[in-house]
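Below are the chains, spelled out letter by letter.
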2 protein chains.
Amino acid sequence: MKNIMLIIEYDGTNYHGWQYQKNAITVQEVLEKAVEKVTGEKVNLIGSSRTDTGVHALYQVANFKTKTKIPPEKLPYALNAVLPDDVVVVKAKEVDKSFHARYSARSKRYRYLILNRQFPMPTMRNYCWHVPYPLDVEAMKKAAFFFRGTHDFSAFKASGNKKVNPVKTIFDLTVEKEGDLIKIEVEADGFLYNMVRIIVGTLVYVGLGKIKAGEIPAIIESKDRTKAGITAPPQGLYLVRIVY
Amino acid sequence: MKNIMLIIEYDGTNYHGWQYQKNAITVQEVLEKAVEKVTGEKVNLIGSSRTDTGVHALYQVANFKTKTKIPPEKLPYALNAVLPDDVVVVKAKEVDKSFHARYSARSKRYRYLILNRQFPMPTMRNYCWHVPYPLDVEAMKKAAFFFRGTHDFSAFKASGNKKVNPVKTIFDLTVEKEGDLIKIEVEADGFLYNMVRIIVGTLVYVGLGKIKAGEIPAIIESKDRTKAGITAPPQGLYLVRIVY
């Protein structure tokens, strides 16, 4: 058995997220079907990150075990030939048997795009969050600073699984403005459910003046979801890097 | 009667171009229907540029005559409320009665995006032309130089209407590389049918080494469509400016 790692890009618009679901189409499912068509084997594809409905990936990593004799470097061409055009395999390589796309990950990086202008932009409607009110980007940058480091991020977690360790380390969180677009990037050793989108929603509240930058430490300490901002919508979110 | 000018953005993916057609949905049609819903009047909306199926606009200009009492600055909100989310009116203002979106235009500017890397990019699949072979951008820049100025562009025109004057003046034609994206921008006093897409296809042939940059003047002089490159696909093309 070989362990094959794939690097995948996808447009999440037409998918109910990454993870397999009954009665709904997911990226994992279309990829597993593609692998089956190409290799003749039913495989379990492990993704590094379970992206939600509408969330995109410019760099998702997955792995699967296979007996196929197709050389790894030919797999992207074979898989892309049977995949829909909103999912593309950009690389495949054989990795050590111990490699696990999710458990082996040391850090993950996400990008979030906000369009900050009066009217929405048709060609970007599935690829950003349109915020029509002027945002104070300098205040958002100040607020971003307080998120860095190791904290209990319970205030930035959707309700759900209570067993997950809420302590995460954010290595980097940046806010940049390029024309009408505000680009937020965040890298951490892991993320709680909806954590990136709640951080973005909270930064937008800071940009709107609803929350002051200096209040962020107290919000983190409160571990109270109701103290943070709204959950930003999914279509502005992109998985952009996984470090192993 | 007031003469109202609109500035419009649209994602051309789901439209059979700008101009009204029987049995096919067009941008002109959805805008005329929106104006009718908002003002109660059937109007003839004149667009500056008849973009093709799949072509986008970041700045289309149109005008129509109306008796409506809705103030122009409120029209974008009223129209966007009834428009689909892939067509957005970003500005409306009253203009002189003599203003005609098409005939009054002094120059038009288009942008074309080429993705030049091994594999296509899912989130850009409707917004660029994927060329998987390495392109020589410096050669493309040299070739671009020869298009500037006043020429008979018959070699860069799809067959069709023979009555149109084939002499146009290109004020600007630039080729820039930003990461994997090659951005071509061209501004002229007018364009023949498919002219931008044939110029882009020809520049790509230069980038591939199929045509030499120095051959461009002879191709222009030949007035022979078969000497130029292929017609680039529509989804990489954006209307970006109209000068009056």
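Residues numbered from 1 in each chain as written. Chains lettered and ligands numbered in written order. Predicted model: local features only at pLDDT ≥ 70, side-chain atom pairs only at ≥ 80, totals over all residues. Heavy atoms only, no water.

*Asks:* How should I be thinking about the interface of chain B and chain A in this particular structure?
*Replies:* Chain B puts 25 residues into the contact, and the matching count from chain A is 25 residues. Regarding the contact of chain B and chain A, the summed buried area is about 1900 Å², with carbon and sulfur atoms giving 61% of it. Looking only at chain B, the three residues that lose the most surface to chain A are F119(B), T123(B) and R125(B), adding up to 32% of its buried area. The interface formed by chain B and chain A contains six salt bridges. Notably, a salt bridge pairs E9(A) with R117(B), separated by 3.0 Å at the nearest N-O pair. The interface formed by chain B and chain A holds eight residue pairs in polar contact (both at pLDDT 80 or more) in total. Within the residue set of the side of chain B that touches chain A, elements represented by two or more residues are β1 (2-10), β3 (56-66), α2 (75-82) and β4 (87-95) of chain B. Looking at which element gives the most residues to the side of chain B that touches chain A, the answer is β4(B), with four residues. Here the residues of the side of chain B that touches chain A are counted per class, giving 14 nonpolar, five polar and six charged. (Contact = heavy atoms within 4.5 Å. Buried area = accessible area lost by both parts, 1.4 Å probe. Salt bridge = Lys/Arg side-chain N within 4 Å of Asp/Glu carboxyl O. Polar contact = N/O pair within 3.5 Å; in protein donor to acceptor, adjacent residues only side chain to side chain. Helix = DSSP H or I, 4+ residues; strand = E, 2+ residues; numbered from the N terminus. Nonpolar A, V, L, I, M, F, W, Y, C, P; charged D, E, K, R; others polar.)

*Asks:* Is there a simple way to think about helix α3 (residues 137-147) of chain B in this case?
*Replies:* Turn by turn, an α-helix covers 3.6 residues, leaving residues three or four places apart pointing in a common direction. All names here are of chain B. Within the sequence span of α3, burial applies to V137, A139, M140, A143, A144 and F147. Down the axis of α3, the buried set is contained in an arc of 150 degrees. They therefore lie on one face. Turned more than 90 degrees away from the buried face of α3 sit E138, K142 and F145, all of them exposed. The elements touched by buried residues of α3 are β5 (107-115), β7 (149-152), β8 (167-178), β9 (181-188), α4 (195-208) and α5 (216-222). By the N-cap criterion, in which a side-chain oxygen at the helix start approaches the backbone nitrogen of a residue two or three places on, α3 is capped by D136, the distance to E138 being 3.2 Å. Two residues or fewer past α3, G149 is found with a positive phi of approximately 100 degrees. (Buried < 20%, exposed > 50% of the residue type's maximum accessible area, 1.4 Å probe, protein only. Arc of directions from axis to C-beta.)

*Asks:* Would you explain the layout of surface pockets in this entry?
*Replies:* The gaps left among the atoms become clear once a water-sized probe is rolled over them. Reported here for the largest pocket is a volume of approximately 1200 Å³. Around the largest pocket sit 33 residues that line it, and L113(A), M124(A), L181(A), M124(B) and L181(B) are the ones nearest its centre. Contributions of two or more residues to the lining of the largest pocket are made by β5 (107-115), β8 (167-178) and β9 (181-188) of chain A together with β5, β8 and β9 of chain B. Split by residue class, the lining of the largest pocket holds 18 nonpolar, two polar and 13 charged. (1 Å grid on protein atoms, 1.4 Å probe; cavity = no way out; pocket = protein on both sides within 12 Å on 5 of 7 lines; lining within 4 Å. Points joined across faces, edges and corners; volume = space filled by probe spheres on them.)

*Asks:* Any chance you could explain the UniProt feature "binding site: substrate" (unreviewed entry) in chain A here in plain terms?
*Replies:* All names here are of chain A. Feature annotation in UniProt places "binding site: substrate" (unreviewed entry) on Y110, given in this structure's numbering. Within the element layout of this structure, Y110 appears in strand β5. When near neighbours in sequence (up to four residues on either side) are disregarded, Y110 contacts S49, T51, I184, E185, V186, F191, V196, L237, Y238, L239 and V240. At 2.5 Å, the side chain of Y110 forms a polar contact with the side chain of S49. (UniProt positions renumbered as here; feature names shortened; annotations may be inferred.)

*Asks:* How do you make sense of the pairing of β5(A) when you look at a structure like this?
*Replies:* A regular strand carries its side chains on alternate faces of the sheet. Residues and elements named next belong to chain A. Of all nine residues making up β5, eight are buried, and the element is well covered by its neighbours. As defined by bridge partners, β5 adjoins β9 across eight bridges and the pair is classed as antiparallel. Across the sheet, residue L115 finds its bridge partner in β9, namely L181. (Pairing = 2+ DSSP bridges.)

*Asks:* What exactly am I supposed to notice about helix α1 (residues 27-39) of chain B here?
*Replies:* Residue and element names in this part refer to chain B. Taking 1.5 Å per residue as the helical rise, α1 with its 13 residues ought to reach 18 Å, and the 18 Å between its terminal C-alpha atoms agrees with that figure. Regarding α1, the residues found buried are V27, Q28, E29, V30, L31, E32, A34, V35 and T39. Among the structural elements, β1, β3, α2 and β4 are those in contact with the buried residues of α1. Just downstream of α1, G40 is the residue with a positive phi angle, here 80 degrees. (Expected span 1.5 Å × (residues − 1).)

*Asks:* I'm lost on unusual backbone geometry in this one. Help?
*Replies:* A negative phi angle characterises most non-glycine residues, just as the trans form characterises most peptide bonds. Phi at N194(A) is positive, roughly 65 degrees, even though this residue is not glycine. Mapped onto the fold, N194(A) is located in the loop between β9 and α4 (195-208). Phi is positive for N23(B), which is not a glycine, with a value near 65 degrees. Along the chain, the position of N23(B) falls in the loop between β1 and α1. On the accessibility criterion, N23(B) (85% relative accessible area) is exposed.

*Asks:* Explanation requested: the relation of the copies chain B and chain A in the structure shown.
*Replies:* Between the two copies of the chain lies a rotation about an axis combined with a shift along it. For the match of chain B to chain A, the screw axis carries a shift of 0.0 Å, the RMSD comes to 0.0 Å, and the turn is 180 degrees. When the rotation and shift are considered jointly, the pair of chain copies conforms to a two-fold rotation axis. A shared interface surface links the copies, since 100% of the contact residues of chain B are contact residues in chain A too. (Least-squares fit on C-alpha atoms with pLDDT ≥ 70 in both.)

*Asks:* Could you clarify how one ought to interpret the domain arrangement of chain A in this entry?
*Replies:* You'll often see interface size given as the accessible area lost when the parts meet. Residues and elements named next belong to chain A. You can read the domains of chain A as domain 1 (2-95) and domain 2 (107-243). Here the C-alpha centre of domain 2 lies 28 Å away from the C-alpha centre of domain 1. Every contact between the two is made by 15 residues of domain 1 and, on the other side, 16 residues of domain 2. Each partner contributes to the roughly 1200 Å² buried at the junction of domain 1 and domain 2, and carbon and sulfur atoms together form 54% of this total. Salt-bridge contacts for R197 lead to D52; the nearest nitrogen and oxygen are separated by 3.3 Å. In this assembly, domain 1 and domain 2 are joined by 10 residue pairs in polar contact (both at pLDDT 80 or more). (Domains from an automatic or database assignment.)

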